[in-house]
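These are the residues of each chain, in order.
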Amino acid sequence: GENVEQHPSTLSVQEGDSAVIKCTYSDSASNYFPWYKQELGKRPQLIIDIRSNVGEKKDQRIAVTLNKTAKHFSLHITETQPEDSAVYFCARTNAGGTSYGKLTFGQGTILTVHP
Amino acid sequence: NAGVTQTPKFQVLKTGQSMTLQCAQDMNHNSMYWYRQDPGMGLRLIYYSASEGTTDKGEVPNGYNVSRLNKREFSLRLESAAPSQTSVYFCASRAGWGTDTQYFGPGTRLTVL
């Protein structure tokens with residue numbers, strides 16, 4: 001199927017520490033993996049994404065890694081700050097063809113960064 | 001450029017009432033989507049429209065209908081609301097060419113009593 005499992009469901013870190021969130025997927029045709037950040041009461045916003053032809057992508061303090069063989073991808077946040085506190089969602093799709101960009105989301109991770 | 005807009009922001013209905021959630025985008029995107037968000041369950045796709053003139057079911061379509069009114073607008077209708085439809089509803093759009101990024105609207109918080 002197209003399920004996505006996301007762990008952990010909650011994550012608490014001290015400011016300056018690193019945070020890692022992991023997602024596993026089942027559909028081997030998946031080729032696009034975005035990560036969204038959602039602050040309380042706000043809309044989900046894309047923070048980084050990766051395609052299946054790339055193993056790692058970085059953008060300042062955040063990075064995403066993809067292991068196609070094991071069917072998992074992870075979000076890494078370094079030097080965490082209190083403003084990183086939010087809910088993070090992973091997602092996947094089979095971009096192109098008849099998928100039309102339909103995203104399947106993980107269950108979300110509540111990240112809390114303590115000052 | 002407002003991006004994706006949704007109305008209303010909040011709504012309270014009684015069981016059996018009907019309503020339509022409105023969504024519009026001004027980015028000339030081809031594809032539009034309706035998701036619902038429930039605690040602990042992430043976002044689940046209700047319906048989508050790959051392009052103007054087409055609509056199709058997503059993961060949880062029961063109890064809903066949609067209309068792609070034109071390229072800009074995609075509405076979601078609840079014909080007979082049930083308490084199980086209490087949720088936050090998000091509309092999203094995607095260009096459909098060159099990028100797979102989906103942009104979300106601000107959401108509608110719906111409570112069915």
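The rules we used
Residues numbered from 1 in each chain as written. Chains lettered and ligands numbered in written order. Predicted model: local features only at pLDDT ≥ 70, side-chain atom pairs only at ≥ 80, totals over all residues. Heavy atoms only, no water. Helix = DSSP H or I, 4+ residues; strand = E, 2+ residues; numbered from the N terminus. Rg over C-alpha atoms; globule rule 2.2 N^0.38 Å. Buried < 20%, exposed > 50% of the residue type's maximum accessible area, 1.4 Å probe, protein only. Contact = heavy atoms within 4.5 Å. Areas by Shrake-Rupley, 256 points an atom, 1.4 Å probe, with all protein chains shown as cover. Lys, Arg positive; Asp, Glu negative; His and termini not counted. Charge placed at Lys NZ, Arg CZ, Asp CG, Glu CD. Pairing = 2+ DSSP bridges. Buried area = accessible area lost by both parts, 1.4 Å probe. Salt bridge = Lys/Arg side-chain N within 4 Å of Asp/Glu carboxyl O. Polar contact = N/O pair within 3.5 Å; in protein donor to acceptor, adjacent residues only side chain to side chain. Axes fitted to C-alpha atoms, helices over the stretch in contact; angles between N-to-C directions. Core = buried A, V, L, I, M, F, W, Y, C linked by side-chain atoms within 4.5 Å. Disulfide = S-S within 2.5 Å.

S.K.: I tried to follow the overall build of chain A on my own but got confused; where do I start?
M.R.: What chain A contains, in helices and strands, is 0 helices and 11 strands. Along its sequence from the N terminus, chain A presents helices and strands in the succession β-β-β-β-β-β-β-β-β-β-β. Relative to the compact-globule value of 13 Å for 115 residues, chain A shows a C-alpha radius of gyration of 14 Å, a close match. Its C-alpha atoms put chain A at 45 × 30 × 20 Å along the principal axes. Taken over 115 residues, chain A has a buried fraction of 43%. Nonlocal contacts in chain A, meaning residues at least 24 apart in sequence, comprise 54% of its contacts between residues at least 6 apart. Total accessible area computed for chain A in this model is approximately 5,700 Å², and 47% of it derives from carbon and sulfur atoms. If you average the places of the 12 positive and of the 12 negative side-chain charges in chain A, the two averages end up 8 Å apart.

S.K.: It is not clear to me how the pairing of strand β8 (residues 72–77) of chain A should be interpreted in this structure. Could you clarify?
M.R.: In summary, the side chains of a regular strand alternate between the two faces of the sheet. All names here are of chain A. Relative to β8, strand β3 (residues 19–25) runs antiparallel, the two being bridged by 6 bridges. The partner of I21 across the bridge, within β8, is L75. One ladder, built from 6 bridges, connects strand β7 (residues 62–67) with β8; its direction is antiparallel. Opposite V64, over in β8, you have L75 as the bridge partner. Linking β7 to β8, which pair antiparallel, is a turn of 4 residues; within it K71 sits at a positive phi near 60°.

S.K.: Whenever I open this one, the interface of chain A and chain B confuses me. Can you help?
M.R.: When the parts of a complex come together, some accessible area is lost, and that lost area is often used as the size of the interface. On the side of chain B, 20 residues touch chain A, which itself brings 18 residues to the contact. The contact between chain A and chain B buries some 1,700 Å² in all, and 55% of this surface belongs to carbon and sulfur atoms. Of all residues in chain A, R43(A), Y100(A) and F105(A) give up the largest surface area on contact with chain B, accounting jointly for 33% of the area buried on that side. Linking chain A to chain B there are 1 salt bridge. Between D100(B) and R51(A) there is a salt bridge whose closest N-O contact spans 2.7 Å. At the boundary of chain A and chain B, one finds 5 residue pairs in polar contact (both at pLDDT 80 or more).

S.K.: Mind showing me how you'd approach the sheet that holds strand β3 (residues 19–25) of chain B here?
M.R.: In a beta sheet, neighbouring strands pair by backbone hydrogen bonds and run either parallel or antiparallel. Residue and element names in this part refer to chain B. Sheet architecture is open: 4 strands sit in the order β1-β3-β8-β7, paired in antiparallel fashion. Across the chains shown, the open sheet's two edge strands, defined by having one partner strand only, are β1 (4–7) and β7 (64–68). Here the strands of the sheet are splayed against their neighbours by 20° on average, with no regard to which way each runs. Sheet analysis places β3 next to strand β8 (residues 74–78), joined by 3 bridges and oriented antiparallel. Of the residues in β8, the one forming a bridge with L21 is L76.

S.K.: Looking at this model, I keep getting lost on the nonpolar core. Mind explaining?
M.R.: Soluble globular proteins tend to pack their nonpolar side chains together in the buried interior. Ranked by internal contacts, the top residues of the largest apolar core, which has 22 residues, are W35(A), F73(A), L75(A), I77(A), Y88(A) and L111(A). Take this core: its biggest share by element is 4 residues, from β3(A). Of all hydrophobic cores here, the second largest spans 19 residues; its members include L13(B), Y64(B), L76(B) and V112(B).

S.K.: Even after reading the chapter, I still don't get the state of the cysteines, so can you show me in this structure?
M.R.: Two cysteines joined by a covalent bond between their sulfur atoms form a disulfide. What the rule picks out here adds up to 2 disulfides over all chains. One disulfide in the model links C23(A) with C90(A); its S-S distance is 2.0 Å. In this structure the cystine formed by C23(A) and C90(A) twists about its S-S bond by roughly -100°; its chirality is therefore left-handed. With a gap of 67 residues between them, C23(A) in strand β3 and C90(A) in strand β9 (residues 86–92) connect regions that are remote in the sequence. The partner cysteine of C23(B) in its disulfide is C91(B), sulfur to sulfur 1.9 Å. On the S-S bond that ties C23(B) to C91(B), the torsion sits near -70°, and the link is left-handed. In this pair, C23(B) is assigned in strand β3 and C91(B) in strand β9 (residues 87–94), connecting sequence segments 68 residues apart. Comparing C23(B) with C91(B), the two get one shared label, buried.

Without other data, these values stay purely geometric and don't point to any function.
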